[in-house]
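Secondary and tertiary structure notes
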Number of protein chains: 2
Amino acid sequence: TGPTAGLLVIGEEILSGKVADENSGFLARELRALGVEVRRIEVIPDIEAEITEAVRRFSQRFDLVFTSGGIGPTHDDVTWPAVAAAFGMRLVLRPQLEQLVRASLGGEFHARDLRMALVPEGARLEYGVPPDLNRWPVIAVANVYVFPGIPLILRRKFDSVRELYRAGPIHGRAVYSREGEGNIADTLDAVVAEFPGVAIGSYPRIDAADHKVKITLDGRDAAAVASATARLIEMLGAAVVRKE
Amino acid sequence: TGPTAGLLVIGEEILSGKVADENSGFLARELRALGVEVRRIEVIPDIEAEITEAVRRFSQRFDLVFTSGGIGPTHDDVTWPAVAAAFGMRLVLRPQLEQLVRASLGGEFHARDLRMALVPEGARLEYGVPPDLNRWPVIAVANVYVFPGIPLILRRKFDSVRELYRAGPIHGRAVYSREGEGNIADTLDAVVAEFPGVAIGSYPRIDAADHKVKITLDGRDAAAVASATARLIEMLGAAVVRKE
């Protein structure tokens, strides 16, 4: 088994349905491509105690934790105090971050912007691979990586540090069935039982596609995934439309 | 205060980044329009024990719980056993549901499809407003409403029962600022302190829009939201680009 991850989206605007969450989908796709299995996504409000509870729980349960949102200078930006509380740390003004805030905002700088440079004591500043000291770093405490909520910035910052997270690949196959789920369920049960190391999913379609069910087979052992796929195709016989 | 809700998306395919989650965004928008506040969204794998834990926790914490996914006939459809376990109920074959499964599948019916008619004893069958007994109902246990994962079907079924959830409206306003967050943070603090019953959010923009920050003001008391908005506009003065 490889590394697992939990995604914590701090987003009142997503809970209220005003804005679609783009960040968790992006991170799920990218992390999977890097070989990291996302096991849970939670969208929570910008309430400090709720963020603290979720960060602590995720940090204990998953190898990697990614948060998005709540790191600006206004009253609803409480991610850093919440993360500090989760780890029993104090918030301190980091000189490198203060410099970056002042330099990036120039004449637009206000005292309140210093709140963005106030991070838990002992936080790591990840300047990317290769490092770029003039760029705002990704800031991490233990296994918790704290990202901004604006999707474009989150994507740029993730790209700068993505190699930190690379693990062995996850192998995925798909088989398309012209028979419906009720007809192939027993076959799926048999393949699931025979290949316990392969995760098998069944996704019905109700539109006019050429198949009624897409079956996915995923795992870290390429040979096991290939064997399970071959076995499934053999058992489904004429029901197979195509495979990927 | 009005009713709250938690959304539980049972979706291995969303965690693995293969499919974008459309259901939680749809439900968040619709519930808000009905006056229900979504306070948490969780995407979890199709592991029975995890679903049971989340259903129990959500059911205790929120007025309404909505699940999507995991109610078909295959091995990865474990939502019903999980919900039954959360409430200490047995699963029973409901004759009305068996009839509907057989009628809707016709010649395509297989014994495994009966799994879809196996629901917790005492589950309520909601046939919509007005009721349509020939349609597959929305099935509920206590305050937990169980929906399918296919977005098109989830939307249709939600529409059939939406009036069950209608509550008093949530009033929302927005003010757009040409000044950045650092410059207006103290003003926001003052308005937040003066109007504790109004939820105020601050959302920066980094593109070339006509504003740098969108400020949202939401609450159940229309007069309080209007007063808070007027106060904010007065304090921001020339920084206001427009309001909604």
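Hydrogen bonds between backbone groups are what pair the strands of a sheet, and the pairing can be parallel or antiparallel. Residue and element names in this part refer to chain A. Spatially, 10-11-9-12 is the arrangement adopted by the four strands of the open sheet, whose pairing is antiparallel. The strands lining the two open edges of the sheet, one partner per strand, are strand 10 (199-204) and strand 12 (240-243). On average, adjacent strands in this sheet sit at an angle of 20° to one another, irrespective of strand direction. Across six bridges, the pairing between strand 10 and strand 11 (residues 213-219) is antiparallel. Its bridge partner being in strand 11, Pro 204 is matched across the sheet by Val 213. Contacts between helix 7 (residues 181-194) and the sheet are confined to strand 9 (171-177), strand 10 and strand 11, with strand 10 contributing the most and set at about 175° to the helix. Helix 8 (residues 222-236) rests against strand 9, strand 11 and strand 12 of the sheet, and its axis sits at about 5° to strand 9.

With that out of the way, let us pick up the side chain of B:Arg112. Tracing the sequence through the fold places B:Arg112 in the loop between helix 5 (95-105) and strand 5 (118-120). With residues up to four places along the chain from it excluded, the contact list for B:Arg112 reads A:Gly182, A:Ala185, A:Asp186, A:Asp189, B:Pro73, B:Thr74 and B:His75.

All names here are of chain B. Leu 154, Lys 157, Phe 158, Ser 160 and Val 161 are the residues of helix 6 (residues 151-161) that are buried. For helix 6, the buried positions fall inside an angular range of 155° around the axis, keeping them on one side. Structurally, helix 6 contributes buried residues whose contacts are with helix 2 (23-33), strand 3 (64-68), strand 6 (124-126), strand 7 (138-141) and strand 8 (144-147).

So, on to the packing of helix 7 of chain A against helix 8 of chain A. All names here are of chain A. Where helix 7 meets helix 8, the axes come as close as 10 Å, and the angle between the chain directions of the two elements is 155°. With respect to each other, helix 7 and helix 8 are oriented roughly antiparallel. The two elements helix 7 and helix 8 meet at a crossing, and its hand is right-handed. Counting all contacts with helix 7, which are made through Ile 184, Thr 187, Leu 188, Ala 190, Val 191 and Glu 194, the residues of helix 8 involved are Ala 228, Arg 231, Leu 232, Met 235 and Leu 236. Grouping the amino acids of the contact of helix 7 with helix 8 by side-chain chemistry returns eight nonpolar, one polar and two charged.

The residue A:Arg39 is located in strand 2 (residues 37-44) in this model. A polar contact is formed between the side chain of A:Arg39 and the side chain of B:Glu12, at a distance of 2.8 Å.

Glancing now at the pattern of salt bridges. Under the counting rule described, the total for this entry stands at 50 salt bridges over all chains. Across the salt bridge formed by A:Glu194 and A:Arg231, the nearest N and O atoms sit 2.7 Å from each other. Here the residue A:Glu194 occupies a position in helix 7, and A:Arg231 occupies one in helix 8, the gap between them amounting to 37 residues. A relative accessible area of 26% means that A:Arg231 is categorised as partly exposed. A single salt-bridge network, built from bridges that share partners, covers A:Arg40, A:Glu42, A:Glu50, A:Glu53, A:Arg57, A:Arg61, B:Arg40, B:Glu42, B:Glu50, B:Glu53, B:Arg57 and B:Arg61.

This paragraph deals with the sheet that holds strand 1 (residues 4-10) of chain B. If you trace the 12 strands from one edge of the open sheet to the other, you get 6(A)-7(A)-8(A)-3(A)-1(A)-2(A)-2(B)-1(B)-3(B)-8(B)-7(B)-6(B), paired in mixed fashion. Here the strands that pair on one side only, and so sit at the sheet edges, are strand 6 (124-126) of chain A together with strand 6 of chain B. Strand-to-strand twist across the sheet, computed as the mean angle between neighbouring axes with direction ignored, equals 20°. With seven bridges joining them, strand 1 of chain B and strand 2 (residues 37-44) of chain B adopt parallel strand pairing. Pairing of B:Gly6 across the sheet is with B:Arg40, part of strand 2 of chain B. Relative to the sheet, helix 2 of chain B contacts strand 1, strand 2 and strand 3 of chain B, its axis offset from that of strand 1 of chain B by approximately 165°. Most of the contacts of helix 6 of chain B go to strand 8 of chain B, to which it runs at about 140°, and overall it touches strand 3, strand 6, strand 7 and strand 8 of chain B.

What counts, and at which threshold
- Residues numbered from 1 in each chain as written.
- Chains lettered and ligands numbered in written order.
- Predicted model: local features only at pLDDT ≥ 70, side-chain atom pairs only at ≥ 80, totals over all residues.
- Heavy atoms only, no water.
- Pairing = 2+ DSSP bridges.
- Helix = DSSP H or I, 4+ residues; strand = E, 2+ residues; numbered from the N terminus.
- Axes fitted to C-alpha atoms, helices over the stretch in contact; angles between N-to-C directions.
- Contact = heavy atoms within 4.5 Å.
- Buried < 20%, exposed > 50% of the residue type's maximum accessible area, 1.4 Å probe, protein only.
- Arc of directions from axis to C-beta.
- Parallel < 35°, antiparallel > 145°, perpendicular 65-115°, else oblique.
- Left-handed = near helix turned anticlockwise from the far one by under 90°.
- Nonpolar A, V, L, I, M, F, W, Y, C, P; charged D, E, K, R; others polar.
- Polar contact = N/O pair within 3.5 Å; in protein donor to acceptor, adjacent residues only side chain to side chain.
- Salt bridge = Lys/Arg side-chain N within 4 Å of Asp/Glu carboxyl O.

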